[in-house]
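# Architecture and fold: a report
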Amino acid sequence: MNRAVMMRIAACAVMGLGAALMIAALLLSTYTVGKIAKIPLDVDVTLIGNGSGAALDPESLGGEHAIVDQDVPLVSQEQIGVESPANADVVTLQAGSSLRRADRQKDTGLLLAIVDTVTVNRRTAQAISDDTHPGGSVQRPRNFDDDSPPTNIALPHEGLSYRFPFDTQKQSYQYFDPIAQKAYEANYEGEDDVNGLTTYRFLQNVGYDADGTLDEPVRYPSLYGHDEDGEITAPARMWNIEGTDPDEDITMTRYYAAQRTMWVDPVSGTIVKSKVHANHYYARDPLKPEVALADYTVTSSEETIEEQVNAARNERDRVALWSRILPITFTAAGLICLIGGVLVGWFSLPAEAALGRPGRGDGGFFGGFAPKAPTAERPSGAEAETEKLPTQRPQLDRPAAPPESSPPERGTPDSASDKPPNQP
């Protein structure tokens, strides 16, 4: 195999590698990214929020009247983990949320608690729910001394829950509120910088208008079987109602309203920061709160914000690696291989032509490596052709010479010698 053929094989191999790299870049930027940009299956985060507000003193419920403390330090906690089913397409998130007074210890400071479970699409973060598979549930409340296993109440979910989709857009999204048991619009408000990360700010109103005024508060959907905490009847003195007989029974209904601001990383859909103003209260008129259970505002702590920003950056890096860095690298390497293969193939053409013309004084395109023309070997004597002498042509213009007479035999006198000399 001469060098020209080897160059052509190398050119084909390099061009094949370049084509493979280009195809890999195309697949990475289309098919593979769709497999990578998904909610992880190992979600395990604890989100802490700090704030203050008005809160009911639980111990006062055993006295003459309810006491609502003002400017109480409050702590919210939301722990999110993964439950079954969780596979390549869906993930089930379980979120345990609570609000407690920071000035009370253990259960004496607990004001609100709910455990919500929802199955979502790993890429769109949309709840997967239908008539036969609600795709979500809430845990039925238990008393502190109840040691029985928790039971769930099926709760169909819709819209987003606890996350936004990958590649979040500047638009409105339906975001589910597990307390109201309904999805409400989260409207895009603008861009903000959160710890060096560019985020989209979304605002959701549940029972409030855009100015933060009570508009259509939600009648609290009780999780108890007989609506024990949704509607309460107690003497007027318990409700601190003046101008009425203190022993007169007054029925109050529980209402709920919230205004939620979320700062979202648009690449991964991670909520890196949140601010919630919520109001749980009892009233006879939904627009006129009378006794506050918890009227508070809490904002994500700095530690939570830092952890969420780092998680969002990690998701960004992972998506960028497969969607931009590797495709660009493979595309550049593929182009270099294609160009290099074309150049090697182009140089192989004159080399092949040079190798096909023997007898050049310079030894061909590659110098002294060009093959020499074979020299003719001298045949051996046995194989040599016999030389043929040309036949002499007869001379017709001359008379033929007489044949010579045979020489006389010895002892026999020549007849001519018997004649005397000088005889005519």
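Residues numbered from 1 in each chain as written. Predicted model: local features only at pLDDT ≥ 70, side-chain atom pairs only at ≥ 80, totals over all residues. Heavy atoms only, no water.

Looking at an unreviewed UniProt entry, one finds the protein chain named DUF3068 domain-containing protein, with Mycolicibacter longobardus as its source organism.

## Some points on the overall build of the protein chain
The secondary structure content of the protein chain amounts to 2 helices and 14 strands. Expressed as a percentage of the 424 residues in the protein chain, the buried residues total 36%. In the protein chain, 58% of the contacts between residues at least 6 apart in sequence involve partners at least 24 apart. Put simply, the protein chain shows about 25,900 Å² of open surface, and 53% of that area lies on carbon and sulfur atoms. (Helix = DSSP H or I, 4+ residues; strand = E, 2+ residues; numbered from the N terminus. Buried < 20%, exposed > 50% of the residue type's maximum accessible area, 1.4 Å probe, protein only. Contact = heavy atoms within 4.5 Å. Areas by Shrake-Rupley, 256 points an atom, 1.4 Å probe, with all protein chains shown as cover.)

## Considerations on the pairing of strand β14 (residues 291–300)
Of all 10 residues in β14, 7 are buried, a share of seventy percent or more. Across 7 bridges, the pairing between strand β1 (residues 45–56) and β14 is antiparallel. Pairing of Gly51 across the sheet is with Val298, part of β14. Sheet topology places strand β13 (residues 271–283) next to β14; 8 bridges connect them, and they run antiparallel. Considered in β14, the bridge of His280 is made with Ala294. (Pairing = 2+ DSSP bridges.)

## Re the pairing of strand β5 (residues 136–139)
Sheet topology places strand β4 (residues 110–121) next to β5; 3 bridges connect them, and they run antiparallel. Pairing of Thr117 across the sheet is with Ser137, part of β5. As paired elements, β5 and strand β6 (residues 152–154) share 3 bridges and run antiparallel to each other. Across the sheet, the residue bridging to Ser137 is Ala154, located in β6.

## Some words on a negative patch on the surface
A surface patch of like charges, here negative, comprises Glu302, Glu303, Glu306 and Glu307. In this structure, Glu303 sits in helix α2 (residues 302–355). (Patch = residues over 30% accessible without salt bridge, like charges linked within 9 Å, V, L, I, M, F, W, Y side chains within 5 Å. Salt bridge = Lys/Arg side-chain N within 4 Å of Asp/Glu carboxyl O. Lys, Arg positive; Asp, Glu negative; His and termini not counted. Charge placed at Lys NZ, Arg CZ, Asp CG, Glu CD.)

## Here's the deal with the nonpolar core
Ranked by size, the top nonpolar core spans 29 residues in total, and within it Leu74, Leu99, Leu111, Leu112, Val206, Trp239 and Tyr296 carry the most contacts. Those elements that place two or more of their residues in this core are β1, β2 (68–83), β4, β12 (249–264), β13 and β14. If you tally residues by element for this core, the top one is β14, at 5 residues. (Core = buried A, V, L, I, M, F, W, Y, C linked by side-chain atoms within 4.5 Å.)

## A closer look at the pattern of salt bridges
Pairing between side chains becomes possible if they bear opposite charge and their charged atoms approach one another. For the coordinates displayed, the defined rule picks out 14 salt bridges. With a shortest N-O distance of 3.1 Å, Arg101 and Asp103 are connected by a salt bridge. A relative accessible area of 40% means that Asp103 is categorised as partly exposed. Of the charged contacts, one joins Arg219 and Glu231 as a salt bridge, the two residues approaching to 3.3 Å between their closest N and O atoms. Of the two residues, Arg219 sits in strand β10 (residues 218–219) while Glu231 sits in strand β11 (residues 231–235), which places them 12 residues apart along the sequence. Residue classification places Glu231 among the partly exposed positions, given a relative accessible area of 41%.

## Considerations on the side chain of His280
By the secondary structure assignment, His280 is in strand β13. Contacts of His280, omitting those with residues within four sequence positions, involve Leu112, Ile179, Arg254, Tyr255, Tyr256, Ala292, Leu293, Ala294 and Tyr296.

## Some thoughts on unusual backbone geometry
For the peptide bond that leads from Ser84 to Pro85, omega is 5 degrees, which places it in the cis range. Examined against the element boundaries, Pro85 turns out to sit in the loop between β2 and β3 (90–101). For Tyr162, which is not glycine, the phi torsion reads 65 degrees and is therefore positive. With respect to the helices and strands, Tyr162 occurs in the loop between β6 and β7 (173–177).

## Notes on the packing of aromatic side chains
All told, the structure shown has 8 aromatic pairs when counted by the stated rule. Considering the side-chain rings of Phe164 and Tyr173, the 5.6 Å spacing of their centres and the 85 degrees angle between planes classify their relative orientation as edge-to-face. We note that Phe164, like Tyr173, is buried. Between Tyr173 and Phe202, the ring centres sit 5.9 Å apart and the planes meet at 70 degrees, which makes this aromatic pair edge-to-face. Here the residue Tyr173 occupies a position in strand β7, and Phe202 occupies one in strand β9 (residues 197–206), the gap between them amounting to 29 residues. A single burial state applies to Tyr173 and to Phe202, both of which are buried. One aromatic cluster is present, built from ring pairs that chain together Phe164, Tyr173, Tyr175, Tyr188, Tyr200 and Phe202. The cationic tip of Arg254 hangs over the ring face of Tyr220; the distance from NZ or CZ to the ring centre is 3.7 Å. (Phe/Tyr/Trp six-rings, centres within 6.5 Å; stacked < 30°, edge-to-face > 60°. Lys NZ or Arg CZ within 6 Å of the ring centre and 35° of its normal.)

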